[in-house]
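One-letter residues, chain by chain:
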Amino acid sequence: MDLFNLYSDLVCKNIEYKPNVSFNLLKAGYWLEGNVLSKFKEKDFLNSQKYLSKISMDFVLEPMQHSSNSALVNIFTPCEFLHAMNIYPQFIEAFSSYLSGAGCESAFIDFAEKEGISDNFCSYHKAFLGAATSKVLPAPKCAITTSLACDANINTFRAISKECGINKYVIDVPYEYSKDAEEYVEMQLKEMVSFLEDNFNRKLNEDNLKKIILNENKSIDYYKKFLDKLAYKYYPNTLTLEMYRIFATHAFLGHDKVLEYYRFLLEDIDKCREVEGNRILWTHLIPFYSEPLREIFNLNEDNQLVICDFNFDSLIELDVDNPYKSIAKKLILNHFNGGYDRKVDNILKMCNKLRIDGVVHLCHVGCKQSFGGAYILKEKLESNNIKTLIIDGDGIDKRNGNDEQIRTRMEAFLDIVEKEKRHDRICL
Ligand code: SF4
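This structure is a prediction, so every number in the text was calculated from the model and none was measured. Note that residues are indexed from 1 along each chain, following the sequence as it is written. Where totals are concerned, whole chains, interfaces and linings use all residues; where local detail is concerned, this predicted model gives features only for residues with pLDDT of at least 70, and gives and counts side-chain atom pairs only at 80 or more. Side-chain figures throughout are based on the complete set of non-hydrogen atoms in the structure, without hydrogens or water.

A. Expanded view of the nonpolar core. Ranked by internal contacts, the top residues of the largest apolar core, which has 142 residues, are Leu-26, Tyr-30, Phe-81, Leu-189, Leu-196, Trp-282 and Met-410. In DSSP terms, a helix is any run of H or I states spanning at least four residues, a strand is any run of E spanning at least two, and both are numbered starting from the N terminus. Here this core takes nine residues from helix α10 (residues 206–230), the largest share from any one element. Note on contacts: a residue pair qualifies if any of its non-hydrogen atoms lie within 4.5 Å across the two residues. If we ignore the near neighbours within four places in the chain, the residues touching Leu-196 are Phe-81, Leu-82, Met-85, Ile-87, Cys-142, Ile-144 and Asn-201. Here the nonpolar core consists of buried residues drawn from Ala, Val, Leu, Ile, Met, Phe, Trp, Tyr and Cys, with membership extended through side-chain atoms lying within 4.5 Å. For each residue, the accessible area found with a 1.4 Å probe, counting protein chains only, is set against the maximum for its type, and the residue is called buried under 20%, exposed over 50%, and partly exposed in between.

Spelled out as structure tokens, the structure:
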């Protein structure tokens, strides 16, 4: 057994009877990875990549180290208010991904299932529920989620709130945009701030909020400039880095460290070259642990993983003088909300902008959201000459990945994409 397996095994063995030991092992492992091991593994990374990897680890560790100053959030929770109040968001989907990175997601998932959670439930939520209900993860102060994208969030947050005895707030996001819908969400955001003030016994400073909003707008400005340049460049990417970027496009957008990341990103793209390889856009989650996918996409100029749709679902600048209203509007207009055509149109637009050759969509086990419209997406993209592959798998639970099938299908798909490109060049 190698050291990594020994470590994972120790975390898993202690979940039930010595949860504190598991927790301390996780914290120590993450610290070691973020501060020591990454320096060796990431020596060839660009500045923006090293920095993103480091701050992502910080964002996972901070709420673990300061649980009484943290709040549970999901990917769509508007965390601008938390940053302005110096509260650490405990981003549950990211935490579950890190459990998978530590090789112990299955033990936490099994724990949750043993406690009665259905095996059909999304693995991100099961892993997090396992960590919370086993008491490995200390209870944060409170929890905030949204109704956006799927109902797993509400069920998970309800269960954790009950199990850990903490208050929760759910932002109900209407399906379609209208002035009334915007006002409805704006009113809830104000209520959410009062909820935070009550739970943390401190007031929101509106000037701090303005600073966060300005950071957010500047970050989006840098990111859009990066994307303009990315259309003609090869930015070396990995499956994991693309998933880390979700910290910067969601829960930590507006944070000083994230603004710094976007600054590095824009500097780095200027150093990148143009390359002829296949340009791939990924929709939904990326099984970053999959060996065949790592071999095919990681730092490979023949098959560039250009972007994942979680990283452009809502590139909307905010009105610094009307933060509540504009955050409300941004939530409603997110491409994971509303009719499926909103998402499909946004993906097609990004494919055209980034000169994408092929799209890969993951149907994540237990996720109706990713299964539901998969063929609508494929039909629309292919009618616009963009080859699309739909694969089944799981973003974090390695037991649901089928490596050899994924390798065969992906290689065959990339061959087709390559041939189409050659054909198009000859026809031109
Ligand atoms: S993967 Fe699907 S089921 Fe899981 S949280 Fe995301 S949208 Fe919900």
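Read on for the rest.
B. Main features of the site of the ligand. Here, proximity means that at least one heavy atom of the residue falls within 4 Å of the molecule or strand. Neighbouring the ligand are the residues Cys-122, His-125, Cys-150, His-284, Leu-285, His-364, Cys-367 and Gln-369. Each residue receives one of three labels: charged for Asp, Glu, Lys and Arg, nonpolar for Ala, Val, Leu, Ile, Met, Phe, Trp, Tyr, Cys and Pro, and polar for the others, Gly being one of them. Tallied by class, the residues present in the shell around the ligand amount to four nonpolar, four polar and no charged.

C. Region of interest: a nonpolar patch on the surface. To count toward a patch, a residue needs a relative accessible area over 30% and no salt bridge; like charges are then connected within 9 Å, while nonpolar side chains (Val, Leu, Ile, Met, Phe, Trp, Tyr) are connected within 5 Å. Exposure was quantified through the Shrake-Rupley algorithm and a 1.4 Å probe, taking into account, for residues, occlusion by the shown protein chains and nothing else. What counts as a salt bridge is simple: a side-chain nitrogen of Lys or Arg found within 4 Å of a carboxyl oxygen of Asp or Glu. A cluster of nonpolar side chains, contributed by Trp-31, Leu-32, Val-36, Leu-37 and Phe-40, occupies part of the molecular surface with about 470 Å² of accessible area. Looking at the secondary structure, you find Val-36 in helix α2 (residues 19–41).

D. Region of interest: the environment of Gly-165. Position of Gly-165 among the secondary structure elements: in the loop between α8 (152–164) and β4 (167–171). Along the primary structure Gly-165 and Cys-142 are separated by 23 residues, whereas in three dimensions their C-alpha atoms are 8.9 Å apart.

E. Geometry of the pairing of strand β1 (residues 70–73). In β1, alternate side chains face the same way, and those of Ser-70 and Leu-72 on one face and Ala-71 and Val-73 on the other are all buried. When β1 meets strand β2 (residues 88–91), the two strands line up parallel, connected through four bridges. Each bridged residue has a counterpart across the sheet, and for Val-73 the counterpart in β2 is Phe-91. Any two strands are treated as partners once DSSP identifies two or more bridges connecting them. Here β1 runs beside strand β3 (residues 142–146); their pairing, made up of three bridges, is parallel. Bridge pairing in β3 links Leu-72 to Ala-143.

F. Inspection of the pattern of salt bridges at higher detail. A full pass over the atoms with the stated rule returns 31 salt bridges. Here Lys-135 makes a salt bridge to Glu-163, at a shortest N to O gap of 3.9 Å. Taken together, the positions of Lys-135 in the loop between α7 (123–133) and β3 and Glu-163 in helix α8 put the pair 28 residues apart, joining distant regions of the chain. Judged by relative accessible area, Lys-135 falls into the partly exposed class, the value being 45%. When its relative accessible area of 40% is taken as the criterion, Glu-163 is described as partly exposed. In this structure, Asp-221 engages Lys-218 in a salt bridge whose closest nitrogen and oxygen atoms are separated by 3.7 Å.

G. Representation of the packing of aromatic side chains within the structure. Whether two aromatic rings pair depends on their centres lying within 6.5 Å, for rings of Phe, Tyr and Trp, where Trp uses its six-membered ring; planes under 30 degrees apart make the pair stacked, over 60 edge-to-face, and the rest tilted. As enumerated under the stated definition, the model contains 19 aromatic pairs in all. Relative to Phe-128, the ring of Phe-95 lies with its centre 5.5 Å away and its plane at 80 degrees, an arrangement referred to as edge-to-face. Taken together, the residues span a long stretch of sequence, with Phe-95 in helix α5 (residues 92–101) and Phe-128 in helix α7 at a distance of 33 residues. With centroids separated by 6.2 Å and ring planes inclined at 85 degrees, the aromatic side chains of Trp-282 and Phe-297 adopt a geometry described as edge-to-face. Within this pair, whereas Trp-282 is found in strand β5 (residues 278–283), its partner Phe-297 is found in helix α13 (residues 291–297), the two being separated by 15 residues in sequence. In terms of burial, Trp-282 and Phe-297 fall into one category: buried. Through a chain of ring-to-ring contacts, the aromatic side chains of Tyr-30, Phe-59, Phe-91, Tyr-98, Tyr-244, Phe-247 and Phe-252 assemble into a single cluster. Residue placement shows Lys-190 over the ring face of Tyr-324; its charged tip is 5.6 Å from the ring centre. Note on criteria: charge over ring means Lys NZ or Arg CZ within 6 Å of the ring centre, with the direction from the centre no more than 35 degrees off the ring normal.

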